[in-house]
Amino acid sequence: MTRLIFFGPPGAGKGTQAKILSEEYGIPHISTGDILRAAVAQGTSLGQAAKSFMDRGELVPDELIIGIIKDRLAEPDAQQGWILDGFPRNVTQAEKLNDMLAATGQACDRVLNLVVADDVLKARLLSRGTAEGRSDDNLATIEHRLAIFHQTTEPLLKFYRAQQVNLLAEVDGDQPLSDVTRDLKQAIAPTA
Ligand SMILES: Nc1ncnc2c1ncn2[C@@H]1O[C@H](COP(=O)(O)OP(=O)(O)OP(=O)(O)O)[C@@H](O)[C@H]1O
Ligand SMILES: Nc1ncnc2c1ncn2[C@@H]1O[C@H](COP(=O)(O)O)[C@@H](O)[C@H]1O
């Protein structure tokens, strides 16, 4: 059973690595950002409610996000484990996740913190904006997303550090892709 949270700032490589390891471990990659972008593209009520927050680089209100995660974690494919990417992003979300897991006798196995410096992140996100056309990958919104990360999301590290010894592991995300994957695997299963 593998239940993992990929943690880190925008552009740290959470999605890239989650895709690789979800295939390797045979567990779903659950990205709240991907779910929201799909909802925006489909014009659903969730997408309409989330769009202006996403365009500004603000966090979408907790009640919307928590509902998404609750429904997604109840799907059959999520019963054997998962990789969360982009959730939780504040202490309220982390507490709700703990409550949801406790209600079904589950727990997170590892929180993997991908560490990358802001100047590297900015360069990565600007080039992703050019390559993939993600509308929030413009300089002003990138800078705001980084500020929100440092103000609101990064304090979660203290929350997880206080939860349980060895729950949180730090990985250098500023290395070639395969080295990051290797270090993540080592942090997930140190004896493997
Ligand atoms: N180790 C790496 N070295 C160089 N570039 C990388 C590395 N990992 C990811 N990238 C590139 O950086 C960009 C951001 O990566 P990715 O989308 O995986 O980040 P993320 O943490 O999921 O970001 P966000 O939270 O904004 O969605 C992508 O263009 C990706 O190809
Ligand atoms: N967990 C979340 N809480 C609030 N808002 C969220 C969350 N996950 C995604 N968002 C919104 O979507 C964009 C893009 O997210 P990425 O994880 O970078 O793909 C983010 O800026 C929030 O507006």
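Residues numbered from 1 in each chain as written. Chains lettered and ligands numbered in written order. Predicted model: local features only at pLDDT ≥ 70, side-chain atom pairs only at ≥ 80, totals over all residues. Heavy atoms only, no water.

For the rest of this paragraph, the subject is the sheet that holds strand 3 (residues 81-85). Strand order in the open sheet formed by 5 strands is 2-3-1-4-5, and the pairing between neighbours is parallel. Across the chains shown, the open sheet's two edge strands, defined by having one partner strand only, are strand 2 (29-31) and strand 5 (168-172). Taking the axes of each pair of neighbouring strands and ignoring which way they run, one obtains an average angle of 25 degrees across the sheet. In this sheet, strand 3 lies alongside strand 2 in parallel orientation, the contact comprising 3 bridges. Along strand 3, the bridge assignment pairs Ser-31 with Asp-85. (Pairing = 2+ DSSP bridges. Helix = DSSP H or I, 4+ residues; strand = E, 2+ residues; numbered from the N terminus. Axes fitted to C-alpha atoms, helices over the stretch in contact; angles between N-to-C directions.)

With that out of the way, let us pick up the site of ligand 2. With respect to spatial proximity, 15 residues lie near ligand 2, and among them Thr-32, Arg-37, Glu-58, Gly-86 and Gln-93 are the closest. In this structure, Glu-58 approaches ligand 2 through a main-chain N or O atom, which is 2.6 Å from an oxygen atom. Coverage of ligand 2 by the protein chains reaches 97% of its 480 Å² of free accessible surface. Looking at which element gives the most residues to the shell around ligand 2, the answer is helix 2 (residues 32-42), with 4 residues. (Near = heavy atom within 4 Å. Polar contact = N/O pair within 3.5 Å; in protein donor to acceptor, adjacent residues only side chain to side chain. Areas by Shrake-Rupley, 256 points an atom, 1.4 Å probe, with all protein chains shown as cover.)

Turning next to the pattern of salt bridges. Enumeration according to the criterion identifies 11 salt bridges in this entry. Across the pair Arg-145 and Asp-136 runs a salt bridge, and its minimum N-O distance is 3.8 Å. Under the relative-accessibility criterion, Arg-145 is labelled buried at 10%. Judged by its relative accessible area of 10%, Asp-136 falls in the buried class. For Asp-137, the salt bridge goes to Arg-145, with nearest N and O atoms at 3.0 Å. Note on accessibility: Asp-137 and Arg-145 belong to one class, buried. Through salt bridges with shared partners, a single network forms among Arg-128, Arg-134, Asp-136, Asp-137 and Arg-145. (Salt bridge = Lys/Arg side-chain N within 4 Å of Asp/Glu carboxyl O. Buried < 20%, exposed > 50% of the residue type's maximum accessible area, 1.4 Å probe, protein only.)

Moving on, we get to the UniProt feature "binding site: AMP" (unreviewed entry) in the protein. When the UniProt feature table is mapped onto this chain numbering, "binding site: AMP" (unreviewed entry) sits at Thr-32, Arg-37, Glu-58, Leu-59, Val-60, Gly-86, Phe-87, Pro-88, Arg-89, Gln-93, Arg-134 and Arg-145. What stands out for the annotated residues spanning 114 residues is how far apart their C-alpha atoms range, the widest pair being 24.8 Å apart. Ignoring sequence-local partners within four residues, the contact set of Val-60 consists of Leu-36, Ala-50, Phe-53, Met-54 and Ile-65. Among the structural elements, Arg-134 can be located in the loop between helix 6 (118-132) and helix 7 (139-153). Residues within four places of Arg-134 in sequence aside, it is in contact with Arg-37, Arg-128, Gly-129 and Arg-145. (UniProt positions renumbered as here; feature names shortened; annotations may be inferred. Contact = heavy atoms within 4.5 Å.)

A few words on the UniProt feature "binding site: ATP" (unreviewed entry) in the protein. On the UniProt side, "binding site: ATP" (unreviewed entry) is annotated at positions that read Gly-11, Ala-12, Gly-13, Lys-14, Gly-15, Thr-16, Arg-128 and Gln-175 here. The residue Thr-16 is located in helix 1 (residues 14-25) in this model. Taking the relative accessible area as the measure of exposure, Thr-16 reaches 39% and is therefore partly exposed. Positionally, Gln-175 belongs in the loop between strand 5 and helix 9 (177-188). Among residues more than four places away in sequence, those in contact with Gln-175 are Val-180, Arg-182 and Asp-183.

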